[in-house]
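Structure at a glance
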Amino acid sequence: MAEREAVGVIGVGWVGLVTAACFADLGHEVVAVDVDQAKISSLRRGASTIHEPGIDGLLERNGDRLIFTSEIADVLDPARLLFCCVDTPPTYSGDADLSRVRAVVAGLRDDGEHALVMKSTVPAGTGAAIRRDLPDVAYVSCPEFLKEGTAVADFLHPDRVVIGADPRDAWAADAVAELYRPLGGEIVRTDVASAEMVKLASNAFLATKISFINEIANVCEEVGADVAEVSRGMGLDARIGPSFLRAGIGYGGSCFPKDVSALKQLAGNTGYHFQLLTSVIEVNELQKRRVIGKLTKHLGSLVGKRVALLGLAFKPDTDDMREASSLVLAARLQGEGARVVAYDPVAEDRASELLPAVELCDSPGSALEGADAAILVTEWPEFGELDWPAIAGRMATPLLVDGRNFLDPDKLRAAGFTYEGIGRGSGAGRP
Ligand code: UGA
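To keep things clear, this report deals only with the structure shown in the data block. (Residues numbered from 1 in each chain as written. Predicted model: local features only at pLDDT ≥ 70, side-chain atom pairs only at ≥ 80, totals over all residues. Heavy atoms only, no water.)

Together, Glu348, Asp349, Glu353 and Asp362 line one region of the surface with negative charge. On the secondary structure map, Asp349 appears in helix 14 (residues 348–354). (Patch = residues over 30% accessible without salt bridge, like charges linked within 9 Å, V, L, I, M, F, W, Y side chains within 5 Å. Areas by Shrake-Rupley, 256 points an atom, 1.4 Å probe, with all protein chains shown as cover. Salt bridge = Lys/Arg side-chain N within 4 Å of Asp/Glu carboxyl O. Lys, Arg positive; Asp, Glu negative; His and termini not counted. Charge placed at Lys NZ, Arg CZ, Asp CG, Glu CD. Helix = DSSP H or I, 4+ residues; strand = E, 2+ residues; numbered from the N terminus.)

Structure representation (structure tokens):
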């Protein structure tokens, strides 16, 4: 074996590019392949194809250890571990679309020399099926838990690394464990199906926490409590923990919506009705729509009203708009007859494709100028630093719906705003 294991990466989307760049940073030669020629050309020039803190530096620093190619053969020769990082988007039925994974499997040589290391999120049972199709390729389920926006840091400092493999593929599981060992997270060795379930169950649990706190927020509004205070009090219980208890206008992104629905569907396909996840999904959908009620409470009909969306990405530090709450909100507002304008510091390119009827502005000020209402959709730090008193004077109606409970209600009210948060009751807040 070479001094450091060469690593193959198949699919250079978010997970694949971060995986490739981080393994290169750990000193491995990495060969990464993608069917998208434009992506490969850009990466060969050293230009990142994603907006992710830290990725540019990694690509620059490790250029000599990173090879990007559109030929799978270039990967198969140097690397025995092939990290499969292709996307598994939802199908209309809610199942995961495994066509890209199947294409990867079809392109492999069943030569007894390689291991397919599955990073893509796949339904439990996928590994066993692939192992049957490719009996001489070892299979390791190694789900990825990184979050967009902190992907590089998450990769380099994992809470845990889950490695699922059959006993006959122990060599491959050992090699993967060895790759991750310098990162220091606890290594969980298990069987393939359990590893697959850890991933789906983790995302479903986090989504459940969010929908739970969002429902608590909705009750807080009725009883005059402040959900931020409730979360703080709950989170100090070590059994509950403080994370993922931020109420807002629902979760989005490429993972939670798809994985929750895939797990629900996976259960359904076996004849089990996963009631809790059905509610988690429904609560999340309704949560985005509740914003409309908050606007009409103050403005009446929205016909002809100028509504400014602050932030479009599904969360800060990313330009990803997949399943972003902004998409549903913009469509609902336009359905109500509002004129929707928006500003996002980085998602403008993606937004122009996804929201052609929304007027995109190049600054928060120009979006808010003359607006009848503002909705803070994504908690970009720069929105905390705006000159809100000056903005109040430039809006037609200084009404702000803070969809992420990001701003200080007292300061906004002092600046002249009618402030509506999510679950912040009558405004009764901290003592
Ligand atoms: C999520 C998981 O957190 C990762 O562990 C996982 O690897 C990833 O999915 C995946 O399966 O690939 P990600 O979608 O990047 O990561 O983003 P998160 O930071 O988890 O946020 C997801 C959504 O939940 C965002 O829309 C965020 O605004 C929302 N959220 C998060 C809340 O509404 N409240 C919270 O308390 C936390």
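If you check the shell around the ligand, you find 19 residues, and the closest are Phe145, Glu148, Lys199, Asn203 and Cys255. Here an oxygen atom of the ligand sits 3.0 Å away from a polar atom, N or O, in the main chain of Gly252. Within the complex, the protein chains bury 94% of what would otherwise be the 720 Å² of accessible surface of the ligand. Listed by contribution, the elements that provide at least two residues to the shell around the ligand are helix 9 (192–223) and helix 11 (256–269). When residues in the shell around the ligand are grouped by element, the largest group, 3 residues, is from helix 9. Looking at the shell around the ligand residue by residue, the classes come out as 9 nonpolar, 2 polar and 8 charged. (Near = heavy atom within 4 Å. Polar contact = N/O pair within 3.5 Å; in protein donor to acceptor, adjacent residues only side chain to side chain. Nonpolar A, V, L, I, M, F, W, Y, C, P; charged D, E, K, R; others polar.)

In terms of nonpolar packing, the biggest core is built from 59 residues, with Leu295, Leu309, Leu333, Ile375, Trp388 and Phe417 touching the most fellow members. Counting residues in each nonpolar core, the second largest holds 46 residues, with Val9, Val12, Cys85 and Val152 among its members. (Core = buried A, V, L, I, M, F, W, Y, C linked by side-chain atoms within 4.5 Å. Buried < 20%, exposed > 50% of the residue type's maximum accessible area, 1.4 Å probe, protein only.)

Two numbers describe how helix 9 lies on helix 11: the axes approach to 9 Å, and their chain directions differ by 115 degrees. Taken as axis vectors, helix 9 and helix 11 run roughly perpendicular relative to one another. Of the two possible hands of crossing, helix 9 and helix 11 adopt the one that is left-handed. For the pair helix 9 and helix 11, contact is made by Met197, Lys199, Leu200, Ala201, Asn203, Ala204, Leu206, Ala207 and Ile210 and by Phe256, Asp259, Val260, Leu263 and Leu266, respectively. A per-class count over the contact of helix 9 with helix 11 returns 11 nonpolar, 1 polar and 2 charged. (Axes fitted to C-alpha atoms, helices over the stretch in contact; angles between N-to-C directions. Parallel < 35°, antiparallel > 145°, perpendicular 65-115°, else oblique. Left-handed = near helix turned anticlockwise from the far one by under 90°. Contact = heavy atoms within 4.5 Å.)

Let us look at the sheet that holds strand 12 (residues 373–376). Read across the sheet, 6 strands follow the order 11-10-9-12-13-14 without closing on themselves; strand pairing throughout is parallel. Both edges of this open sheet fall to strand 11 (359–360) and strand 14 (418–420), since each of them pairs with a single strand only. Two strands pair when backbone bridges link them, and strand 10 (residues 339–343) and strand 11 are joined in this way by 2 bridges, in the parallel orientation. Paired with Val341 across the strands is Glu359, a residue of strand 11. Along the sheet, helix 12 (residues 275–299) contacts strand 9 (306–310), strand 12, strand 13 (399–402) and strand 14; its crossing angle with strand 13, the most-contacted strand, is approximately 160 degrees. (Pairing = 2+ DSSP bridges.)

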